[in-house]
Structures are given as structure tokens and as C-alpha cells.
Amino acid sequence: MNITRLYTMQRELDAHIQSNHQLQQDNLIDKKILALLVEIGELANETRCFKFWSLKPPATKEKILEEFVDGVHFILSVGIECGFEGSKLQFENCHSENLTDQFLSVYESVNKFKTSQSFKNYENLFSEYVSLAKLLGFNSYEIEEAYIQKNEVNYERQQNGY
Ligand SMILES: O=c1ccn([C@H]2C[C@H](O)[C@@H](COP(=O)(O)O)O2)c(=O)[nH]1
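Predicted, not measured: the structure shown is a model, and the values here were computed from it. (Residues numbered from 1 in each chain as written. Predicted model: local features only at pLDDT ≥ 70, side-chain atom pairs only at ≥ 80, totals over all residues. Heavy atoms only, no water.)

Caption draft 1: Examining the packing of aromatic side chains more closely. The final tally for this structure, using the stated rule, is nine aromatic pairs. Members of the aromatic cluster, connected to one another through ring pairs, are F84, F91, F113, F119, Y122 and F126. For the cation-ring pair, R157 lies above Y162, with the distance from its terminal atom to the ring centre recorded as 4.6 Å. (Phe/Tyr/Trp six-rings, centres within 6.5 Å; stacked < 30°, edge-to-face > 60°. Lys NZ or Arg CZ within 6 Å of the ring centre and 35° of its normal.)

So, in C-alpha cells, the structure goes:
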């Protein structure tokens, strides 16, 4: 995954969105953290991994990947807000036995980061999210392609008064 390219694309998209909504001067970190938590919930919903009361199958791989990269957008965006864009990220392999445990670990890492917005906590949050991708069966090529596609959709939405 060419993370530098993704940060550059995210920075441009964020600047475009903020200028479109006259929010260039605002600190949006808390809203972005909440947006990330919401996206993680939407992703969990599509996998249906915790719905022991239901027989319905998960959404398609394509749909789940699309939800996954919404979260990637906000993780990159939060990193940019915190000035971590140029720092070298080292992802640790921290995946749990199952999706439910991994989703809970991701939530925990976001809350830890919310309390203390250090690079270490950011790196841990990103690592937990990347580990979730592994459990979901996504490789870095698929993630990068889906990110690029969704990034474009986000521009179109701004143009169409989303
Ligand atoms: O500052 C922002 C605000 C939104 N998004 C993107 C991330 C997600 O891909 C999408 C979320 O939009 P909803 O579909 O949840 O409204 O918007 C950004 O990249 N940067």
C-alpha cells in the first residue's frame, strides 16, 4: 500500500471539502474521530459478524470493502489533522481470533487515541484497523484500489450537493 500517495489524496480531498463548506479555520478532529467510530459501526453491520440472532449472510465483499475504505479515509484525515502525515508508520500485527474481538479492539484503540492523541496511539489504531482488513480477507492492492475509487466518489458527492 502506497501510504504516502493515500495521504496526499486525502489531504487534497479534505482541503476541497473544507473549502466547499467554509471550514478552513475549524478544528475538526473530534468530528472526524466520531465519524470514524460511526464508519466502524457501519462496517461491522455489513459483516453481520455479531448478529447471532440472524441467519442473513454478510454483504458482498465489494460492499464491505467500500465501507472499510470509508474508515481509511477518516484515519488518514485524523493523522493529517494531528501532523503525523510525514512520520513513518510501522504496523504491528495484532489481529484477534475473530472479527467480533477485532472490532472491539479497533474501538478500544480509537478511544485510547481520543484520550491521548500521540503518534504511538495513532500507529496502534492504524495497526488494529489494518489487522481487521487481514481478517476480512483484503490485501493491500484491493484496499488501495477501493480507496482511490471512493476518493473519487467523495469529490463527485461534493459537486452534487451531497
Ligand atoms: O473531511 C472529510 C469528510 C468526509 N470524508 C469522506 C470519508 C468517507 O469516504 C465519506 C463518508 O461519508 P458518508 O457516506 O459517511 O456520509 O466522506 C473525507 O474523506 N474527509
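Caption draft 2: Main features of the site of the ligand. In the region of the ligand, 13 residues are neighbours, and Q10, D14, E39, D70 and Y162 sit closest. A distance of 2.8 Å is found between an oxygen atom of the ligand and a side-chain nitrogen or oxygen belonging to Q10. Within the side chain of Y162, an N or O atom sits 2.4 Å from an oxygen atom of the ligand. For the ligand, whose unbound accessible area comes to 460 Å², protein coverage reaches 79%. Counting only elements with at least two residues in the shell around the ligand, the list comes to α1 (3-20), α2 (29-47), α3 (61-81) and α6 (140-159). No other element matches α1, which puts four residues into the shell around the ligand. (Near = heavy atom within 4 Å. Polar contact = N/O pair within 3.5 Å; in protein donor to acceptor, adjacent residues only side chain to side chain. Areas by Shrake-Rupley, 256 points an atom, 1.4 Å probe, with all protein chains shown as cover. Helix = DSSP H or I, 4+ residues; strand = E, 2+ residues; numbered from the N terminus.)

Caption draft 3: How the structure looks around the packing of α3 against helix α5 (residues 119-136). At their nearest, the axes of α3 and α5 sit 11 Å apart, and the two run at 170° to each other. What the angle tells us is that α3 and α5 run roughly antiparallel. Across the interface between the two elements, I64, E67, F68, G71, V72, I75, L76, V78 and G79 of α3 pack against Y122, L125, F126, Y129, A133 and L136 of α5. (Axes fitted to C-alpha atoms, helices over the stretch in contact; angles between N-to-C directions. Parallel < 35°, antiparallel > 145°, perpendicular 65-115°, else oblique. Contact = heavy atoms within 4.5 Å.)

Caption draft 4: Main features of the side chain of K150. Along the chain, K150 turns up in helix α6. The class for K150 is buried, based on a relative accessible area of 5%. Each residue touching K150, except ones within four places of it in the same chain, is listed here: E66, V69, D70, H73 and R157. (Buried < 20%, exposed > 50% of the residue type's maximum accessible area, 1.4 Å probe, protein only.)

Caption draft 5: Just the nonpolar core, in detail. Judged by nonpolar contacts, the single largest core of 37 residues is most densely connected at F68, Y122 and Y129. Only α1, α2, α3, α4 (99-115), α5 and α6 provide two or more residues apiece to this core. Looking at this core, the element that brings in the most residues is α3, giving nine residues. Non-local contacts of Y122, meaning those with residues more than four positions away in its chain, are made with Y7, I75, L76, V78, G79, F84, L89 and F113. (Core = buried A, V, L, I, M, F, W, Y, C linked by side-chain atoms within 4.5 Å.)

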